[in-house]
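Each chain, written out:
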Amino acid sequence: MEHGPFSLEGKVILVTGASSGIGRQCCITLAQMGVTVILIGRNRERLEETRKMMCNEDKHIYWSADLAEIASLSQLAKDINDNVGPIDGLVNCAGVSTTLPLRFVELEKVDDFLRINVMSGYFLVKEFSRAGMFNHGASFIFMSSIMGIVGEVGKSLYGLTKGAIISMVKSLACELAAKKIRVNCISPGVVVTPINENLPHIANADKRAVLEKKHLLGLGKTEYIANTCVFLLSDASCWITGQNIIVDGGYTIQ
Ligand SMILES: NC(=O)c1ccc[n+]([C@@H]2O[C@H](COP(=O)([O-])OP(=O)(O)OC[C@H]3O[C@@H](n4cnc5c(N)ncnc54)[C@H](OP(=O)(O)O)[C@@H]3O)[C@@H](O)[C@H]2O)c1
């Protein structure tokens, strides 16, 4: 049967942050679309949990790795390539979040945040854009945030990592176009996941109501972000590169 432009049937996609939240949902949705998924995170039990939630669970493979250890990413990419072969796409969902007033920000914390939120995906793209590591028409996706576009008290550290992603994808897209690799990012509004469910602005009912109001279409669900990934990974988006797709229920238009 002829597959349409939105089809992901038969593709191999690597998803980081696969043990939780948005990354977990991407794995579930991509598996439904006929993708073979390579799941990456640190926590094996939660990776295994994700795999059990996916259709055709046995065809997917997971790797436990600390992506903040940048020097180990080259070997990780080689191991994946040896076992699975070239990939058709990469969805970088691994990340950490914080609300931290400037006076509490220490150099070590900035270093940690840059490593996991920016450098891990950057160096994975470096590894997987080498010859033999990707298939023709590959698509690489980063998770930015509306905090890379607008500001909020206590979000300078998180926001600087997310703003970096938005600018990084533009130049990566220019450079990798010659290899026919597309690079884009998604900027979600607030999606309720373990990264933020215990933070006061979500856990406290009054604060949550204020936040809900800012999102004209309500708070986000992980499915909304996963579905955007489906589009960006598919041939339906073959003329889109270097872009930041804002998926925020109307937060940033006001
Ligand atoms: N949720 C939102 O409202 C929202 C909004 C905008 C943007 N985002 C972005 O979307 C991405 C996913 O967020 P989420 O809400 O799904 O978060 P989450 O539920 O907390 O999941 C974060 C994931 O990152 C992985 N991770 C963290 N540090 C890692 C490390 N050193 N090495 C390997 N994996 C690591 C975690 O896996 P392990 O614990 O197994 O290592 C986990 O799977 C993040 O980049 C976040 O900034 C989220």
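Our subject is the structure listed above.
Residues numbered from 1 in each chain as written. Predicted model: local features only at pLDDT ≥ 70, side-chain atom pairs only at ≥ 80, totals over all residues. Heavy atoms only, no water.

## Side note on empty space enclosed by the protein
Enumeration according to the criterion identifies one cavity of 30 Å³ or more in this entry. Quantified by volume, the largest cavity comes out at close to 70 Å³. Taken together, Thr16, Leu67, Asn92, Ala94, Ile116, Asn117, Ser120, Gly121, Phe142, Met143, Lys162 and Ile165 form the lining of the largest cavity. Counting only elements with at least two residues in the lining of the largest cavity, the list comes to α4 (107-128), β5 (134-143) and α5 (156-176). Here the element with the most residues in the lining of the largest cavity is α4; it accounts for four residues. Class assignment of the residues belonging to the lining of the largest cavity gives a composition of six nonpolar, five polar and one charged. (1 Å grid on protein atoms, 1.4 Å probe; cavity = no way out; pocket = protein on both sides within 12 Å on 5 of 7 lines; lining within 4 Å. Points joined across faces, edges and corners; volume = space filled by probe spheres on them. Helix = DSSP H or I, 4+ residues; strand = E, 2+ residues; numbered from the N terminus. Nonpolar A, V, L, I, M, F, W, Y, C, P; charged D, E, K, R; others polar.)

## So, the sheet that holds strand β6 (residues 182-188)
Read across the open sheet, the seven strands follow the order β3-β2-β1-β4-β5-β6-β7; overall the sheet is parallel. This sheet does not close on itself; its edge strands, each paired only once, are β3 (61-64) and β7 (244-247). Across the sheet, the mean angle from the axis of one strand to that of its neighbour is 20°, orientation sign disregarded. Bridging between strand β1 (residues 12-16) and strand β4 (residues 87-92) involves four bridges; their strand directions are parallel. Bridging across to β4, Leu14 finds its partner in Leu90. (Pairing = 2+ DSSP bridges. Axes fitted to C-alpha atoms, helices over the stretch in contact; angles between N-to-C directions.)

## Concerning the packing of aromatic side chains
Counting across every chain of the model gives two aromatic pairs. Geometrically, the ring pair formed by Tyr122 and Phe123 is edge-to-face, given 5.5 Å between the ring centres and 75° between the ring planes. Under the relative-accessibility criterion, Tyr122 is labelled partly exposed at 38%. Note on Phe123: relative accessible area 26%, which makes it partly exposed. (Phe/Tyr/Trp six-rings, centres within 6.5 Å; stacked < 30°, edge-to-face > 60°. Buried < 20%, exposed > 50% of the residue type's maximum accessible area, 1.4 Å probe, protein only.)

## Points about the site of the ligand
Residues in contact with the ligand amount to 31 residues; listed here are only the nearest, Ser19, Ser20, Arg42, Tyr158 and Thr193. The separation between an oxygen atom of the ligand and a polar main-chain atom of Gly17 is 3.1 Å. The separation between an oxygen atom of the ligand and a polar side-chain atom of Lys162 is 2.9 Å. In isolation the ligand has 890 Å² of accessible area, and contact with the protein removes 93% of it. Of all the elements in the fold, those that place two or more residues in the shell around the ligand are α1 (21-32) and α5. Of the residues in the shell around the ligand, the class split is 15 nonpolar, twelve polar and four charged. (Near = heavy atom within 4 Å. Polar contact = N/O pair within 3.5 Å; in protein donor to acceptor, adjacent residues only side chain to side chain. Areas by Shrake-Rupley, 256 points an atom, 1.4 Å probe, with all protein chains shown as cover.)

## Remarks on the nonpolar core
Ranked by internal contacts, the top residues of the largest apolar core, which has 35 residues, are Leu76, Phe128, Phe140, Phe142 and Val183. Contributions of two or more residues to this core are made by β1, β2 (36-41), α3 (73-84), β4, α4, β5, α5 and β6. Considering every element that reaches this core, the biggest residue donor is α5, with seven residues. Once residues lying within four places of it in the same chain are set aside, the contact partners of Phe128 are Leu14, Ala77, Ile80, Ile87, Met133, Phe134 and Phe140. Ile13, Ala31, Val191 and Cys229 belong to the second-largest nonpolar core, a separate cluster that totals 27 residues. (Core = buried A, V, L, I, M, F, W, Y, C linked by side-chain atoms within 4.5 Å. Contact = heavy atoms within 4.5 Å.)

## Some thoughts on α4
Helix length check: α4, at 22 residues, gives a terminal C-alpha distance of 30 Å against a target of 32 Å (1.5 Å per residue), a fit within 8%. Along its length, α4 reaches its greatest deviation from straightness, about 45°, at Met119. Taken together, the buried positions of α4 are occupied by Val110, Phe113, Ile116, Asn117, Val118, Ser120, Gly121, Leu124, Val125, Glu127 and Phe128. On its buried side, α4 packs onto β1, α3, β4, β5 and α5. (Expected span 1.5 Å × (residues − 1). Bend = angle between axes of the 7 residues up to and from the residue.)

## Quick notes on the packing of α4 against α5
Two elements in contact, α4 and α5, have axes separated by 10 Å at closest approach and are oriented at 20°. Classified by the interaxial angle, the pair formed by α4 and α5 is roughly parallel. Like other packed secondary-structure pairs, α4 and α5 cross with a definite hand, here right-handed. Together, Lys109, Val110, Phe113, Leu114, Asn117, Val118, Tyr122 and Val125 of α4 and Leu157, Tyr158, Leu160, Thr161, Lys162, Ala164, Ile165, Met168, Leu172 and Leu176 of α5 make up the contact between the two elements. Its residues placed into classes, the contact of α4 with α5 shows 14 nonpolar, two polar and two charged. (Parallel < 35°, antiparallel > 145°, perpendicular 65-115°, else oblique. Left-handed = near helix turned anticlockwise from the far one by under 90°.)

In short, the description is geometric, and any link to function would need to be established separately.
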